[in-house]
Amino acid sequence: MYDTGKIIVGLAIFVGLVTSPIWLNKGKAAPKPSPKLDTPAIQQLEKKECVESRQFMRSTHMQLLNEWRDRALRKGERRYINKKGEKIYISLQNTCMKCHSNKKEFCDTCHNYTDIKPYCWDCHFIPEGRKTWASTEGHS
Amino acid sequence: MIEKALKGGPRYWAWISFLLLVILIGFISYLRQLSVGLGITGMSRDISWGVYIAQFTYLVGVAAGAVMLVMPKYLHGYKRYGDIIIFGEFLAIAAVTMCLLFIIADLGQPMRLMNVLLHPTPNSILFWDMIVLNGYLFINLIVGYNTLLAMRKNVPPPGWIKPFIYVSIPWAFSIHTVTAFLYCGLPGRHAWLTAIMAPRFLASAFASGPAFLLIMLMIIKRVTRWSPDPEAIQNVARTICYAMIANLFFLGLEFFTSFYSNIPGHMNPLKYLFWGLWGHNALVPWMRTSVIVGLIGVFIMLVPQLRRKEGFLILGCAAIVLGTWIDKGVGLVIGGFIPNPFEKITEYQPTLPEISITLGIWATGFLILTVLYKMVIYLKERDLAAE
Amino acid sequence: MGIDRRSFLKIVGLSALGVSSGAWEVLQPGEVDAAHGHAAAEHVEKAATRWAMVVDMRRCKDEKGCTKCIDACRLVHNIPVIDNPKREVKWIWKEEYEHAFPDSHNEYMPDELKETPFILMCNHCDHPPCVRVCPTKATFKRPDGIVAMDYHRCIGCRFCMAACPYGSRNLNWINPRPYIKEINNEFPTRMKGVVEKCNFCVERLAKGLQPACVEACHCGALLFGNLHDPESNVRRVLRSNVSIRRKPELGTHPCVFYLV
């Protein structure tokens, strides 16, 4: 085989580079996220359930939000009938965030863990700390 | 095959390093544009497209120009183009790639680019432009790559690429027609609202594309041992000449219709471009240069004694490339926005980051072109050595 | 591959035919303006509601320097105040007659009219060129005639800005948030790289309110109503007054009318 040495060195560098995130982050494992559900609005609920089942919301909330967005904005339909047949008002601000008013302890915990950056908050308001976004997010 | 592009002399590597440097600077500027927004460019509420879209428009023409070699070879059996046709196809690949990069550079939200596919919208000409441009890139990749492989084995290209070659002919016309439709179907933009926009684009493409190609071939002739068939070169020059005459003729038609009808909306953009309007005249030197060098180019290409001298031929091609570049890469897009819908004038001046992104994309195109041409040259020189 | 040249050509020919006939229908301006398929049929049957604005310049002209409508819009929609005219964002603004109506201007008109700043906004055209050119349906026509924007979908290509003959569209060249003076929590802001414009206060209409500019105008110069209702306020005014529209010759059918 020609250039055996070069190839092996090249392979080693390649493998090193590709696996570098593992080495660099070794021992710094982020704790498993635990989104908090203890907002005042949720505590007042008799039955502590979201618009759909917990399992569904965990796996599919992004699709549901996309669907809600298109329905509300593009078709003007503000009514969502969930799997139980209940009528829900479609609104990120007034339905989702009314209960989940703790974006930091709820949305962000998982999104940070999975390093996902949804751009919702580039335009929509975060329930808490509304007054401060203009100065703190100005540069982002 | 690609490894052939990794072997070259110091001049070759100096050129590659230079291109990589320009790409790097452009890329850094682009990262800044991504974080700050299109506000780092000179574009504005009134001039909402600038140098990016203008380069895109020009390069669609360069890409379409390759068909001026394909058509004589495959429709009329003109054999002399057999040797240089691959250079045209590879030029098309580099040019279309640049077009796509310029579109991406121009988007306010490039991350959402795929929305064009997720929500296909056939009533938007941009949707069709996306289809024809990507299709043209695909066709030229298939044809160019298989031609190259066949060259390597010294066999004729496989028969199954023939349909692609024939499709590429109307397809080349389509890319520039559809690009013209982006402009000429908009109400209220008088400079663009002309039925001969597509013919103008095609004429300019069939002049600028082959002229660009001839310059490349002349450079190749000087830096490698291979040289193209002089008679083929002369024939391309004739094509360029006719196309450029048509291009200037069409420009004259625009002047006639606008000024004889005396409709202010149609006269104003031309006045702005060539004489200045209401005290604004930033593009006047450019546009006048464009016409003058265009005429010089036509003159050189028209007179056989001049055209046959290599120095003059290069000069003529350069004049035509420059003339058509100013016409489409500067005047056409900006002229369409002046005056604005309120009959006011905002002028446009690209900023430094905007220019460096533009140069970065051009350098990317040249890098692609260099690598592709390098492979072809390797095979051409190999064949020369074998003889 | 089990496909010979003949069957290949058949498929190509048939699909070309299909594409071209489909394209023909689709390229008819106005027919596919709406966001969803059934809207075209509604269009023919005439929707129950067609929102329109009447700007009575006879009432507006005496209120020199009044910016109540503009301020109300800015507050309600979190519109940034950017001093640089190249970067500015405006949904409703003032422009002199000769610039608002450049094709019907003449020098012998009353000075009063020449000097009066007209109130301009998106015309919410019946045949909006911006909707026709948008490659993602980010801007679309609602059945009630409003030309709406979906900021989530806009890719910032600015084809709509080139297509709009009224200069009604704005790109967010930079992040608008630092330039918003007063914040309205009820309405989102926009982000950099998307296009925005007047939305006829679609969010207020949904609540049964009048557009913010109409509500703010104390001299009654702005009238908003249903063009498809013969007894509506706008129809009554348009019946008894001569009205003009901006650039009607372009066939866009603007739905903002001016009384002069």
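## Considerations on a nonpolar patch on the surface
On the surface, Leu21, Leu24, Ile25 and Ile28 of chain B cluster together into a nonpolar patch covering about 380 Å² of accessible area. By relative accessible area, leucine 24 of chain B is classed as partly exposed at 46%.

## A short note on the packing of helix H9 (residues 230-261) of chain B against helix H10 (residues 264-274) of chain B
Residue and element names in this part refer to chain B. For the pair H9 and H10, interaxial distance at closest approach is 8 Å and the crossing angle is 125 degrees. With respect to each other, H9 and H10 are oriented oblique. Seen from above, H9 lies across H10 with left-handed handedness. Listed contacts from H10 to Leu251, Glu254, Phe255, Ser258 and Phe259 of H9 are His266, Met267, Leu270, Lys271 and Phe274. Looking at the contact of H9 with H10, its residues break down into six nonpolar, two polar and two charged.

## Remarks on the pattern of salt bridges
Pairs may arise between side chains of opposite charge once their charged atoms sit close together. What the rule picks out here adds up to 30 salt bridges over all chains. For glutamate 95 of chain C, the salt bridge goes to lysine 344 of chain B, with nearest N and O atoms at 2.3 Å. Taken together, the positions of glutamate 95 of chain C in strand E2 (residues 92-96) and lysine 344 of chain B in the loop between helix H13 (310-336) and helix H14 (352-386) put the pair across two chains. What makes lysine 344 of chain B partly exposed here is its relative accessible area of 33%. In this structure, a network of salt bridges that share partners links the residues Glu67, Arg71 and Glu77 of chain A.

## Here we look at the pairing of strand E3 (residues 117-121) of chain C
Residue and element names in this part refer to chain C. With four of its five residues buried, E3 lies for the most part within the structure. In this structure, E2 lies alongside E3, joined through five bridges in antiparallel fashion. Along E3, the bridge assignment pairs tryptophan 93 with leucine 120.

## Description of the packing of aromatic side chains
Under the criterion given, the structure shown has 36 aromatic pairs over all chains. One aromatic cluster is present, formed by Trp49, Tyr183, Trp192, Phe201 and Phe337 of chain B together with Phe159 of chain C through successive ring pairs. Above the plane of the ring of phenylalanine 125 of chain A lies arginine 177 of chain C, whose end atom (NZ or CZ) is 5.5 Å from the centre.

## Section: the interface of chain B and chain C
With 43 residues of chain B at the contact, the number on the chain C side is 53 residues. Counting the surface lost from both chain B and chain C, the interface buries some 4000 Å², and carbon and sulfur atoms represent 57% of this. Looking at the side of chain B facing chain C, the largest losses of area belong to Arg45, Asn123 and Phe342 of chain B, adding up to 20% of the total buried there. Where chain B touches chain C, the interface holds two salt bridges. Linking chain B to chain C there are 31 residue pairs in polar contact (both at pLDDT 80 or more). Here the side of chain B that touches chain C is built from residues that sort into 20 nonpolar, 16 polar and seven charged.

## Focus: the confidence of the model for chain A
The pLDDT averaged across chain A works out to 81; a share of 90% of its residues lies at or above 70. Averaged pLDDT values for the elements of chain A fall to 41 in helix H8 (residues 133-136) of chain A and rise to 92 in helix H1 (residues 4-18) of chain A.

## Some remarks on the packing of helix H4 (residues 85-106) of chain B against helix H6 (residues 125-152) of chain B
All names here are of chain B. One way to put it is that H4 packs onto H6 with a least axis distance of 9 Å and a crossing angle of 145 degrees. Our pair here, H4 against H6, has a crossing hand that is left-handed. Between H4 and H6, the residues in contact are Ile86, Glu89, Phe90, Ala92, Ile93, Val96, Thr97, Cys99 and Leu100 and Leu133, Asn134, Tyr136, Leu137, Asn140, Leu141, Val143, Gly144, Tyr145, Thr147, Leu148 and Met151, respectively. When its residues are assigned to classes, the contact of H4 with H6 shows 15 nonpolar, five polar and one charged.

Rules used throughout
- Residues numbered from 1 in each chain as written.
- Chains lettered and ligands numbered in written order.
- Predicted model: local features only at pLDDT ≥ 70, side-chain atom pairs only at ≥ 80, totals over all residues.
- Heavy atoms only, no water.
- Patch = residues over 30% accessible without salt bridge, like charges linked within 9 Å, V, L, I, M, F, W, Y side chains within 5 Å.
- Areas by Shrake-Rupley, 256 points an atom, 1.4 Å probe, with all protein chains shown as cover.
- Salt bridge = Lys/Arg side-chain N within 4 Å of Asp/Glu carboxyl O.
- Buried < 20%, exposed > 50% of the residue type's maximum accessible area, 1.4 Å probe, protein only.
- Axes fitted to C-alpha atoms, helices over the stretch in contact; angles between N-to-C directions.
- Helix = DSSP H or I, 4+ residues; strand = E, 2+ residues; numbered from the N terminus.
- Parallel < 35°, antiparallel > 145°, perpendicular 65-115°, else oblique.
- Left-handed = near helix turned anticlockwise from the far one by under 90°.
- Contact = heavy atoms within 4.5 Å.
- Nonpolar A, V, L, I, M, F, W, Y, C, P; charged D, E, K, R; others polar.
- Pairing = 2+ DSSP bridges.
- Phe/Tyr/Trp six-rings, centres within 6.5 Å; stacked < 30°, edge-to-face > 60°.
- Lys NZ or Arg CZ within 6 Å of the ring centre and 35° of its normal.
- Buried area = accessible area lost by both parts, 1.4 Å probe.
- Polar contact = N/O pair within 3.5 Å; in protein donor to acceptor, adjacent residues only side chain to side chain.
- pLDDT = per-residue confidence, 0-100.

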